[in-house]
Each structure stands twice: as structure tokens, then as C-alpha cells.
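Here's the letter readout for the chains.
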Amino acid sequence: MEGPSNGGLLYHEVQESKLCAVHCVNTVLQGPFFSEFDLAALAADLDKRERQMMMEGGGGGGGRGGDFVAFDSEESHNVSLGGDFSIQVLEKALEVWDLQVIPLNSPVAEPAQIDPELENAFICHLEDHWFCIRKVNGEWYNFDSLYAAPEHLSKFYLSAYLDSLKGAGWSIFLVRGNFPKECPLSSSEASNGYGQWLTPEDSSRILKACNAKGESSLSSGQVQRRSGNRLTDYVEAEDEDLKAAIAASLLDSFPSMPRTEAQTEKEE
């Protein structure tokens, strides 16, 4: 019988600047496989290809038509000045590992809409934030880099949470393919400054410690980042049986940030 990947450890990256796309890709892969410089190189290559396509299609065999001039004068379409990357960059990064990124609302992803627990990873995006929900060693975790540690999601709650994200306007992508089995933990590259290896017990302990101190399980900086979403104005929910319906009940008040299980348990 095959043992747990990465010795049973979870790889999590805590938010650094606006590098959530880097954190998202690495937690999908479960290891520090990419840096911001790697993604920036992919973005530059995509920009180059897009400009070439515009030149070739710009009014008569490579002429610099008005559309091309307008396009060429714009900033990168694949990375913002603040460091946010496009879905095309994430797709290219994961293609290196033979992984395919599929919009969850596409026909080919219909089975995942019905039984998401049978998949292995989802990428979620809203405005300038990316994060992944990933199954590791048979268990689901929310690897949002704005959280202090990965948050365990029950299979029952997974579907409800994905539905709540969709209802709140998040774009969700399914990731399929042969995921890396191991990351070379002994390598000097196994740490990038914001990544950490945790046991599931460590993760649970960190989140519980935050709750016990009356702190949010969110990492530092998230409250400021999402203050406009009224993140701190939570409504109390006391009935444990309402977990699966939490997101729907919150959408009217918090359209961009549904709750997860740990946040509900904190209030009980």
C-alpha cells in the first residue's frame, strides 16, 4: 500500500505581499516549486506571444493596425504592477507538471459539480486573490494563503463551500492530472521564506490557538486586505446543523467571503 505523500505533511504558504497566485500554484503542487520570478517569466512569455499574434492579425500581414498599437501600449495583460497574475499564467505553470486547469462551469467539469469530493484540487479567484482547495492524503483542506494554516474541510462541507463561493462571485477552476507525489524536502529549495510544512495536527492546533486567543484564524494582514468586505462584521450562527447552509445565509451580508467550517466552529 502506498504511503502518504510528503510523509503525511501539508505544505502551506502564508500571504506575502500580493503573491497569492504563487502561493496558490505551490499549494496545488504541495511544494515550493515556483517563485514569483518563475511566474513573471511565464507572464512575459505570454505577453510576447499575444503581441506576436496581434501583429500577425493586425490589418494586412503584420501591419501595426490601431488595435495592435492600443494593445501594445497597454501594461502586461498577464501580470499587474502589483504582482497579480492572470489565470493563463497559472495554467502555464501547472502545465509544466502535466496538470490541466478547467473552468468548473464547463461541460467537461460537470462530474466535479455533482461530486467534487472525487476530484483532487480546485483553484478559486475573485478580484486580486487566488487560493486553492486541495485533497491531500484523502482529506480536503483550504490552503488560502490568508489563513495561518491549512483548514480541514469535511467532504460533506466541501460541496456547500464551493457552492457558496460560486454564489459570492468567485471563479472556480478544476485541476486534473498527475499531481507530484513528493517534494524534495531535503533540498535547499524546500523553503522559500513563506512556505511551511505542517502535520494535520499542527494545522488544527494553530487554528485553535488563534481562536482561543480571540484572534481570527486568518493570517496577519487579511483584515486590512478585506476590510472593505466587512469581514469583521460576522453574524452569530449557533446551530451546528446549519453548517452546510452558512454560505447561503451570509451571501446577502458578505457577498465576497463565505465562511468556512473553522470560522463556524469558533462561534459555537
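These figures come from a predicted structure and were not determined experimentally.

1. Comments concerning the overall build of the chain
- Within the chain, the secondary structure is distributed over 10 helices and 8 strands.
- Scored against the burial criterion, the 268 residues of the chain give a buried share of 45%.
- Long-range pairs, those at least 24 residues apart, make up 68% of the contacts in the chain between residues at least 6 apart in sequence.
- Roughly 13200 Å² of accessible area belongs to the chain as shown, and the carbon and sulfur atoms make up 51% of that amount.

2. Here's the deal with helix 1 (residues 20–29)
- Counted residue by residue, helix 1 has 10 buried out of 10 residues, so it is predominantly covered.
- All of the buried residues along helix 1 are Cys20, Ala21, Val22, His23, Cys24, Val25, Asn26, Thr27, Val28 and Leu29.
- Positive backbone phi, approximately 60°, marks Gln30, located one or two places after helix 1.

3. Brief notes about the pattern of salt bridges
- Applying the stated criterion to the full structure yields 5 salt bridges.
- Across the pair Lys92 and Glu95 runs a salt bridge, and its minimum N-O distance is 3.7 Å. On the criterion of helical spacing, the pair formed by Lys92 and Glu95 is a turn pair, its members being 3 residues apart in helix 4 (residues 87–95).
- Notably, a salt bridge pairs Glu119 with Arg176, separated by 2.9 Å at the nearest N-O pair. Taken together, the residues Glu119 in the loop between helix 5 (110–114) and strand 3 (121–126) and Arg176 in strand 7 (residues 171–177) connect sequence positions 57 residues apart.
- Classification of Glu119 by relative accessible area gives buried; the value is 10%.
- Taking relative accessible area as the criterion, Arg176 reaches 24% and is therefore assigned partly exposed.

4. Quick word on the environment of Arg205
- Inspection of the secondary structure assignment puts Arg205 in helix 7 (residues 200–212).
- Through-space distance from the C-alpha of Arg205 to that of Ala149 is 9.2 Å; in sequence the pair is 56 residues apart.

5. Some details on the confidence of the model for the chain
- Confidence in the prediction of the chain, expressed as mean pLDDT, is 77, and 65% of residues score 70 or more.
- Segment residues 65–73: pLDDT under 50, and 12 contacts once partners within four positions in sequence are set aside and those in other chains are kept.

6. Details of the side chain of Asp47
- Along the chain, Asp47 turns up in helix 2 (residues 36–56).
- You can call Asp47 buried: its relative accessible area is 8%.
- Of the polar contacts made by the side chain of Asp47, one reaches the side chain of Asn78; its length is 2.7 Å.

7. Some thoughts on the pairing of strand 4 (residues 129–136)
- With respect to burial, strand 4 is a largely interior element, 8 of its 8 residues being buried.
- Covered by surrounding structure in strand 4 are His129, Phe131, Ile133 and Lys135 together with Trp130, Cys132, Arg134 and Val136, the residues of both alternating faces.
- Strand direction decides the pairing type here: strand 3 and strand 4, joined by 6 bridges, are antiparallel. Its bridge partner being in strand 4, Cys124 is matched across the sheet by Phe131.
- Here strand 3 folds back onto strand 4 in antiparallel fashion, the turn holding 2 residues, of which Glu127 has a positive phi close to 55°.
- When strand 4 meets strand 5 (residues 139–142), the two strands line up antiparallel, connected through 4 bridges.

So, how was this worked out
As a convention, each chain's residues are numbered from 1 in the sequence order in which they are written. Given that this is a predicted model, residues contribute local features only at a pLDDT of at least 70 and side-chain atom pairs are listed and counted only at 80 or more, while totals for whole chains, interfaces and linings are drawn from all residues. The side-chain figures draw on all heavy atoms in the structure; neither hydrogens nor water molecules are used. Helix and strand definitions here come from DSSP, where helices need a minimum of 4 consecutive H or I residues and strands a minimum of 2 consecutive E residues; each element is numbered from the N-terminal end. Three labels apply to residues, based on accessible area from a 1.4 Å probe with only protein chains included: buried if under 20% of the type maximum, exposed if over 50%, partly exposed otherwise in between. Two residues qualify as a contact provided that any one of their heavy atoms is within 4.5 Å of a heavy atom in the partner residue. Here the accessible surface of atoms and residues is derived via Shrake-Rupley with a 1.4 Å probe, and residues count as covered only by protein chains that are part of the display. The salt bridge criterion pairs a side-chain nitrogen of Lys or Arg with a carboxyl oxygen of Asp or Glu, the two atoms within 4 Å. Residue-level confidence of the predictor, termed pLDDT, takes values from 0 up to 100. Think of a polar contact as two N or O atoms within 3.5 Å of one another; within protein, one of them needs to be a possible hydrogen donor and the other a possible acceptor, and neighboring residues in sequence only count if both atoms come from side chains. Between any two strands, pairing holds if DSSP finds at least two bridges.

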